[in-house]
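Each chain, letter by letter, is given below.
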Amino acid sequence: MTTSRIRIAFIGGGNIARSLIAGLIADGHEPNALYVVEPDDTKRGQLVTQFGIIALETSADAVTSVEVVALCVKPLIAPVICREFAPALLATNAQPLFISVMAGVTEASIDRWIGRPVALVRAMPNTPSMIQSGAIGLHANSLVNHYQRNLAEEILRAGGLTRWVENEVDIDTVTALSGSGPAYFLLLMEALEQVGIAHGLAPETARLLTIQTALGAARMAFESDESPQQLRARVTSPGGTTERAIGVFEAGGLMLLVSEAVTAARVRAAELSQILAEVD
Ligand SMILES: NC(=O)C1=CN([C@@H]2O[C@H](COP(=O)(O)OP(=O)(O)OC[C@H]3O[C@@H](n4cnc5c(N)ncnc54)[C@H](OP(=O)(O)O)[C@@H]3O)[C@@H](O)[C@H]2O)C=CC1
Ligand SMILES: O=C(O)[C@@H]1CCC=N1
C-alpha cells in the first residue's frame, strides 16, 4: 500500500489535527483514507466540508480499522479518550501505530490508560504545519519498528521539517521551543506592528512590513550557512540604528527573558506529565 492510502484516524479535530490533515492532503494523501473522531456535531460537519475526510463521533471503530491513530486532544482529557477506545482495541488483534502530539503526555501514561504497551511515536508539531512550514520533533518508543518509524516520519513530514530526538524527555524541550515557538515570534511581531503604528505608520503598512521582515529574516537564516548571530551582525552597522536598538534589548535582559520563558514552558510540560502520571 502506498503511504498516501494509509488509513489514519485523528482523535480530536482541533487546531493541530487540522494542521496535520491539511498538510497530508496538500501532500497528496487520499482524503477518504483519513478519519477524524470529534464529539461536536458542528465541528464534524466542518471537517467533512473542509477536507472531504470521514468524520466519526466515537473512537472505538476507528482505532481497530486503521494503520495509524493520531492522538490530538488536550492533554488533560487524554486518559478519557484512551479509556474510551481501549476496550475495542484490546478485544481485537489490531496493532496500529499511535502518534501522540499531546504536550506533556508520556509514553508510560498512554500505555497505562490503554492497558497494554503500544507502538507509539510522540510527535511535537506546531501550527505552521497547516502550510507545510511546521517544525516537528519526534520520539519513538521501543515497540516502534523500522517501517512504523519511517511511516511516522513521512506522515509528519507532510507538515514540515522533522527531527528525531534521542530521549523522550527532549520532547518537553521541543514543546517549549518549536511547539509553542510560533506564539513567541508572533508576539514580537505584534509588538513591532504596534510600535510602527504608534510612530505614525498606517496599520496595514506596519503589519505588512513586520510580516515581510519576519519572513525575510527566517528565510535568510534558513537558506544561509551563517548563524543567526552572524547574519544579525551584517544588519548591525557600527554606530547605526540597529546597534542602538540591540543595546536596548540587551540592557532589558532579552536573552535571559527568552531563556526564562522557554524554561517555564518546559517546566509546564513536565508538570502536565506529573499530573497525568497520577491518573490511573
Ligand atoms: N496548538 C498547538 O500549537 C499545538 C498543540 N499540540 C497539542 O495538540 C493537542 C491538541 O491541541 P489543539 O489542537 O490546539 O486543541 P483543540 O482544542 O483545538 O483540539 C482538541 C479537539 O479535541 C476534541 N475533543 C474533545 N473531547 C474529545 C473526545 N472525547 N474525543 C475526540 N475528540 C475530542 C475537542 O472538541 P471540543 O472543542 O468540542 O471539546 C477539540 O476539537 C494538545 O494535546 C496540545 O498539547 C502540540 C503542538 C502544537
Ligand atoms: O500551548 C500548548 O500547550 C500547546 C503545546 C505546544 C503548543 N501549544
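Residues numbered from 1 in each chain as written. Chains lettered and ligands numbered in written order. Predicted model: local features only at pLDDT ≥ 70, side-chain atom pairs only at ≥ 80, totals over all residues. Heavy atoms only, no water.

The name given to the protein chain in an unreviewed UniProt entry is Pyrroline-5-carboxylate reductase, and the organism recorded there is Thiospirillum jenense. Its UniProt record gives the protein chain the following Subcellular location (unreviewed entry) comment, quoted word for word: "Cytoplasm". Under the UniProt heading Sequence similarities (unreviewed entry), the note attached to the protein chain is "Belongs to the pyrroline-5-carboxylate reductase family." (UniProt positions renumbered as here; feature names shortened; annotations may be inferred.)

A. Seen up close, the site of ligand 2. Within the structure, ligand 2 sits among Ala103, Gly179 and Ser180. Coverage of ligand 2 by the protein chains reaches 44% of its 240 Å² of free accessible surface. A majority-of-atoms criterion places ligand 2 in the second largest pocket. (Near = heavy atom within 4 Å. Areas by Shrake-Rupley, 256 points an atom, 1.4 Å probe, with all protein chains shown as cover. 1 Å grid on protein atoms, 1.4 Å probe; cavity = no way out; pocket = protein on both sides within 12 Å on 5 of 7 lines; lining within 4 Å. Sits in = over half its atoms within 2 Å of the grid points.)

B. Spotlight on the sheet that holds strand E6 (residues 120–124). Across the sheet, 8 strands lie side by side as E3-E2-E1-E4-E5-E6-E7-E8; this open sheet has mixed pairing. Both edges of this open sheet fall to strand E3 (54–56) and strand E8 (160–164), since each of them pairs with a single strand only. Neighbour-to-neighbour, the strand axes of the sheet open up by a mean angle of 25°, direction not taken into account. In the sheet, E6 pairs with strand E7 (residues 134–140) via 4 bridges, with the strands oriented antiparallel. Counterpart to Val121 in the pairing with E7 is Ala140. Each of strand E1 (8–11) and strand E2 (34–37) is contacted by helix H1 (residues 15–26), which is oriented at about 160° to E1, the strand it contacts most. (Pairing = 2+ DSSP bridges. Helix = DSSP H or I, 4+ residues; strand = E, 2+ residues; numbered from the N terminus. Axes fitted to C-alpha atoms, helices over the stretch in contact; angles between N-to-C directions. Contact = heavy atoms within 4.5 Å.)

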